[in-house]
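# Results of the structural survey
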Amino acid sequence: MPARDLALLTDAAREAGRIAMRYWRKDPQVWDKGGEHGPVTEADLAVNDMLKAKLLAARPDYGWLSEETPDSADRLAVDTVFIIDPIDGTRAFVAGEETWAHSLAVAHKGKVTAGVVYLPAIDRIYVASETSDPLRDGEVIRASGRDRLEGANILTTKANMVPEKWPGGVPEITRSFRASLAYRMCLAAEGRFDGMLTLRDAWEWDIAAGSLIAEKAGAVVTDRMGKALRFNAPTALAEGVLALPPKLHADAMARLVVA
């Protein structure tokens, strides 16, 4: 079933891209969702409507969790659920930048079994299932083989690297950034960067697909406490995310969680 789900997600992601590109750099309508939730555009909503109709028509017994659909406890009563971010990196989308993505995943009993991250503006697609290799545009990808955190190039923000968050000492790294959290996880998966981390709570729809892709590529993927990620939680939030090669992850955890 993971292979069939992956094929379904891949087809849906490409259709999502065709819809989103009709709005990109075309001055779409934008609304502020308030608080820290950021903007939403008419493209987000159009993509969400298509994905919900298409995916649930194909798998009517699956649950549904999406950033742009009001949440329902109904999803907690089923074993398998779609976890969707119609457009991850909406601010980048609105600004006309290229590195926004569609993030589509299936999770079964808390574990992601198929995931797709598609960047239509550059026509780049990352896919993985629990039974297949992680791929970028059809080519197998692998995480960085770096074994030292010092000097590593990590996708993160300055706010994540303040001393109070690293009781064991802030590592001296090179910081890089991309707007889409899903894309950051994929860049870590393909080894273009040595890893990624965010110590802020992360919504499941931002990280579900990317977490599987990074894990299958050889990264260790956990929350900021070093615990395995579990999906379809009542809050739909993870306590941060780290996706790092094994030795870098061990070093980071030793500095973050001091016994």
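Residues numbered from 1 in each chain as written. Predicted model: local features only at pLDDT ≥ 70, side-chain atom pairs only at ≥ 80, totals over all residues. Heavy atoms only, no water.

### Quick look at helix α6 (residues 246-256)
Stated formally: Each residue is placed in one exposure class: buried if its accessible area under a 1.4 Å probe, protein chains only, is under 20% of its type's maximum, exposed if it is over 50%, and partly exposed if it falls in between. Each helix is a run of H or I in the DSSP string that is no shorter than four residues. Each strand is a run of E no shorter than two, and both are numbered from the N terminus. The directions from the helix axis to the C-beta atoms are what the arc is built from.
For α6, the set of buried residues is Leu248, His249, Ala252, Met253, Arg255 and Leu256. End-on view of α6: buried residues confined to an arc of 160 degrees, all on one side of the axis. Exposed side of α6, more than 90 degrees from the buried face: Lys247 and Ala254 are the residues found there.

### As for the pattern of salt bridges
If the charged atoms of two oppositely charged side chains come close together, the side chains can form a pair. Condition: Salt bridge, as applied in this entry: a Lys or Arg side-chain nitrogen positioned within 4 Å of an Asp or Glu carboxyl oxygen.
If you walk through the whole model with that rule in mind, you get 13 salt bridges. A salt bridge links lysine 54 to glutamate 15; the shortest N-O distance between them is 3.3 Å. Of this pair, lysine 54 sits in helix α2 (residues 42-58) while glutamate 15 is found in helix α1 (residues 2-21), placing the two residues 39 residues apart along the sequence. By relative accessible area, glutamate 15 is classed as partly exposed at 25%. Here glutamate 190 and arginine 192 are joined by a salt bridge, their closest N and O atoms 3.6 Å apart. In the salt-bridge network here, residues are joined through shared partners; they are Arg136, Asp137, Glu190 and Arg192.

### A short note on the packing of aromatic side chains
Basically, it comes down to this: Two aromatic rings, drawn from Phe, Tyr or Trp (for Trp, its six-membered ring), form a pair once their centres lie within 6.5 Å of each other, and the interplanar angle then sorts them: stacked below 30 degrees, edge-to-face above 60, tilted otherwise. As a reminder, the over-ring test applies to NZ of lysine and CZ of arginine, requiring each to be within 6 Å of the ring centre and within 35 degrees of the ring normal.
Under the definition given, this model contains six aromatic pairs. Here tyrosine 62 and phenylalanine 82 contribute two aromatic rings whose centre-to-centre distance is 5.1 Å and whose plane-to-plane angle is 50 degrees, an arrangement assigned as tilted. Separated by 20 residues along the polypeptide, tyrosine 62 in the loop between α2 and β3 (63-66) and phenylalanine 82 in strand β4 (residues 80-88) bring together distant segments of the chain. Accessibility classification places tyrosine 62 together with phenylalanine 82 in one group, the buried group. Residues phenylalanine 93 and tryptophan 100 carry aromatic rings whose centres are separated by 4.8 Å and whose planes lie at 85 degrees to one another, so their mutual orientation is edge-to-face. Tryptophan 100 shares its class with phenylalanine 93; the two are buried. Each residue in the set Trp24, Phe93 and Trp100 is aromatic and connected to the rest through ring pairs, giving one cluster. The positively charged end of arginine 14 is found above the aromatic ring belonging to tyrosine 118, 5.1 Å away from the centroid.

### Comments concerning the nonpolar core
Where we set the bar: What makes a nonpolar core is a set of buried Ala, Val, Leu, Ile, Met, Phe, Trp, Tyr and Cys residues whose side-chain atoms join them at distances within 4.5 Å. Contacts: residue pairs with any heavy atoms within 4.5 Å of one another.
Of all hydrophobic cores here, the largest spans 41 residues; its most connected members are Val117, Tyr126 and Ile207. For this core, the secondary-structure elements that each account for two or more residues are β4, β5 (101-108), β6 (111-119), β7 (124-129), α4 (181-189), α5 (204-216) and β16 (241-244). Per-element accounting of this core gives the leading share, eight residues, to α4. Apart from the residues lying within four places of it in its own chain, the contact partners of valine 117 are Ala101, His102, Ser103, Arg124, Ile125, Tyr126, Ala182, Tyr183, Cys186, Ala209, Gly210 and Ile213. Leu8, Leu55, Phe82 and Leu104 belong to the second largest nonpolar core, which has 29 residues in total.

### Quick word on the packing of α4 against α5
Here is the rule: Helix axes are fitted only over the stretch in contact, all axes being lines through C-alpha atoms; the angle between N-to-C directions runs from 0 to 180 degrees. Just so you know how the angles are binned, under 35 degrees is roughly parallel, over 145 roughly antiparallel, 65 to 115 roughly perpendicular, and the rest oblique. When residues are grouped by polarity, Ala, Val, Leu, Ile, Met, Phe, Trp, Tyr, Cys and Pro land in nonpolar, Asp, Glu, Lys and Arg in charged, and all others, Gly among them, in polar.
In contact at an axis separation of 8 Å, α4 and α5 are set at 5 degrees when each is read in the N-to-C sense. Judged by the inter-axis angle, α4 sits roughly parallel to α5. Along the contact surface, α4 presents Leu181, Ala182, Met185, Cys186 and Ala189, while α5 presents Asp206, Ile207, Gly210, Ser211, Ile213 and Ala214. Tallied by class, residues from the contact of α4 with α5 come to eight nonpolar, two polar and one charged.

### A word on the sheet that holds β3
Going by this rule: Pairs of strands are assigned from DSSP output, requiring at least two bridges between the strands.
If you walk across this open sheet you meet the seven strands as β3-β4-β5-β6-β7-β8-β9, and the pairing is mixed. Looking along the sheet, the strands with just one partner apiece sit at the ends: β3 and β9 (139-140). The pairing of β3 with β4 spans four bridges and is classified as parallel. Following the sheet pairing, leucine 65 is matched in β4 by isoleucine 83. The strands touched by α5 are β3, β4, β5, β6, β7 and β8 (132-136); relative to β6, the strand with the most contacts, the crossing angle is about 100 degrees.

### Describing the environment of leucine 104
Locating leucine 104 in the fold gives a position in strand β5. On a C-alpha basis, the gap between leucine 104 and methionine 50 in space is 13 Å, while along the polypeptide they are 54 residues apart.

### Thoughts on the environment of alanine 189
Looking at where alanine 189 falls in the secondary structure, it is placed in helix α4. Classification of alanine 189 by relative accessible area gives buried; the value is 0%. Along the backbone, alanine 189 and proline 39 are 150 residues apart, and their C-alpha atoms lie at a distance of 28 Å. Dropping the residues within four chain positions of it, alanine 189 is found in contact with Ile141, Arg142, Ala143, Ile213, Ala214 and Ala217.

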